[in-house]
Amino acid sequence: GETTAEMIAFSRQAIIENDREATQRILKLESEVVNPLCATLESFINALMEGDISEEQRRRCMHLKELSVDVERVGDLTKELARAARRQVAPSLAMDRQALAELDRLFRQTHRVYLLALQAVRDGDRQMAQLACRLEDEMDYMYWEARQARKKRLVTGKGEPEVDGIFLELLRNLERISDHADSLGISVMSD
């Protein structure tokens, strides 16, 4: 979880600050740390479930698998953000200041929600999980606002279709990361 949270921060650097090294770090962490670790964890949990365990232990194993899937998906989504950063590097695909400012806000909110959700899972803290879920609701509204601002830019002729496509992809991926954080928070509250 901490690695994928770091990958979100690197994604922000890659997009907002045009940091090419951050893009490479994301791809390396995803392929060399997150995917192998999640695969190992899943194999371990599957082996446990094949053994003689109680129903409560079986439910706990399933819960751990679900958490692992959420974390792995966040890693996958940061990889998609890194790929979008690579496309944005071309000068013709540079985003305007308003779009970058909106993305920066969304990156920071996504990162905050995800960190809170991870901490809630780690500590079994229901209040923190509720806060993460409330902040995810705010993220949904921020996502909607960013989409509306994008439409306005297009209508006024300040947007370009190819850049707009990248912007929408970034928005969707940030919103999906936030959804996974929400799922982590909900898992704590339903324990």
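Read on for a plain summary of the structure. Bear in mind the structure is a predicted one, so any value in this text is a computation, not a measurement.

1. A look at the overall build of the protein chain
Working step 1: Summing up its helical and strand segments, the protein chain has six helices and zero strands in all.
Working step 2: In the protein chain, the order of α-helices and β-strands from amino to carboxyl end is α-α-α-α-α-α.
Working step 3: Against the compact-globule benchmark of 16 Å for 191 residues, the protein chain has a radius of gyration of 18 Å, which places it among compact chains.
Working step 4: On the principal axes, the C-alpha backbone points of the protein chain span a range of 65 × 35 × 20 Å.
Working step 5: Relative to its 191 residues, the protein chain shows a buried fraction of 46%.
Working step 6: Within the protein chain, residue pairs in contact and separated by at least 24 positions form 77% of the contacts whose partners lie at least 6 positions apart.
Working step 7: Looking at the protein chain as shown, the accessible area adds up to about 10,200 Å², and 51% of this sits on carbon and sulfur atoms.
Working step 8: Charged side chains in the protein chain number 28 positive and 35 negative. The centres of these two groups are separated by 5 Å.

2. As for the packing of helix 1 (residues 2-16) against helix 4 (residues 97-123)
Working step 1: It is the contact of helix 1 with helix 4, at a shortest axis distance of 10 Å, that shows an interaxial angle of 175°. The orientation of helix 1 with respect to helix 4, classified from their angle, is roughly antiparallel. Mapping the contact onto sequence places E2, T4, A5, I8, A9, S11, R12, I15 and I16 in helix 1 and L100, L103, D104, F107, R108, H111, Y114, L115 and L118 in helix 4.
Working step 2: Tallied by class, residues from the contact of helix 1 with helix 4 come to 11 nonpolar, three polar and four charged.

3. Things to note about the side chain of D164
Working step 1: As for its placement among the helices and strands, D164 is situated in helix 6 (residues 161-189).
Working step 2: Taking the relative accessible area as the measure of exposure, D164 reaches 11% and is therefore buried.
Working step 3: The contacts of D164, once residues within four sequence positions are left out, are R150 and L154.

4. Here's the deal with the packing of helix 1 against helix 2 (residues 20-50)
Helix packing for two helices is described by the angle between their axes and how far apart those axes are.
Working step 1: Look at helix 1 against helix 2: their axes get within 8 Å of each other, and the N-to-C directions meet at 160°. Classified by the interaxial angle, the pair formed by helix 1 and helix 2 is roughly antiparallel. Crossing geometry of helix 1 relative to helix 2 is assigned as left-handed. Contacts between helix 1 and helix 2 pair T3, T4, E6, M7, F10, S11, Q13 and A14 from the former with A22, T23, R25, I26, L29, E30, V33 and V34 from the latter.

5. A closer look at helix 4
Working step 1: Look at helix 4: 39 Å from first C-alpha to last across 27 residues, which is about the 39 Å you get at 1.5 Å a residue.
Working step 2: Taken from the residues just after helix 4, G124 is the one with a positive phi, measuring 65°.

6. Section: the environment of I8
Working step 1: Here I8 is to be found in helix 1.
Working step 2: With a relative accessible area of 1%, I8 lands in the buried category.
Working step 3: Taking the C-alpha atoms as reference points, I8 and Q57, separated by 49 residues in sequence, lie 32 Å from one another.
Working step 4: When residues no more than four places from it in sequence are discounted, the contact partners of I8 are V74, T78, F107, H111, Y114 and I177.

7. Re empty space enclosed by the protein
Working step 1: Inspection of every chain in the model, using the stated rule, returns one cavity of 30 Å³ or more.
Working step 2: Empty space within the largest cavity amounts to approximately 40 Å³.
Working step 3: Elements with a minimum of two residues in the lining of the largest cavity: helix 2 and helix 3 (55-88).
Working step 4: Looking at the lining of the largest cavity element by element, the count peaks at four residues for helix 3.

8. What to know about the nonpolar core
Working step 1: Ranked by internal contacts, the top residues of the largest apolar core, which has 51 residues, are M95, L103, Y114, L170 and L171.
Working step 2: Looking at this core, the elements with two or more residues in it are helix 1, helix 2, helix 3, helix 4, helix 5 (126-155) and helix 6.
Working step 3: With residues up to four places along the chain from it excluded, the contact list for Y114 reads G1, T4, A5, I8, V71, V74, A181 and L184.

Reading the values: the criteria
- Residues numbered from 1 in each chain as written.
- Predicted model: local features only at pLDDT ≥ 70, side-chain atom pairs only at ≥ 80, totals over all residues.
- Heavy atoms only, no water.
- Helix = DSSP H or I, 4+ residues; strand = E, 2+ residues; numbered from the N terminus.
- Rg over C-alpha atoms; globule rule 2.2 N^0.38 Å.
- Buried < 20%, exposed > 50% of the residue type's maximum accessible area, 1.4 Å probe, protein only.
- Contact = heavy atoms within 4.5 Å.
- Areas by Shrake-Rupley, 256 points an atom, 1.4 Å probe, with all protein chains shown as cover.
- Lys, Arg positive; Asp, Glu negative; His and termini not counted.
- Charge placed at Lys NZ, Arg CZ, Asp CG, Glu CD.
- Axes fitted to C-alpha atoms, helices over the stretch in contact; angles between N-to-C directions.
- Parallel < 35°, antiparallel > 145°, perpendicular 65-115°, else oblique.
- Nonpolar A, V, L, I, M, F, W, Y, C, P; charged D, E, K, R; others polar.
- Left-handed = near helix turned anticlockwise from the far one by under 90°.
- Expected span 1.5 Å × (residues − 1).
- 1 Å grid on protein atoms, 1.4 Å probe; cavity = no way out; pocket = protein on both sides within 12 Å on 5 of 7 lines; lining within 4 Å.
- Points joined across faces, edges and corners; volume = space filled by probe spheres on them.
- Core = buried A, V, L, I, M, F, W, Y, C linked by side-chain atoms within 4.5 Å.

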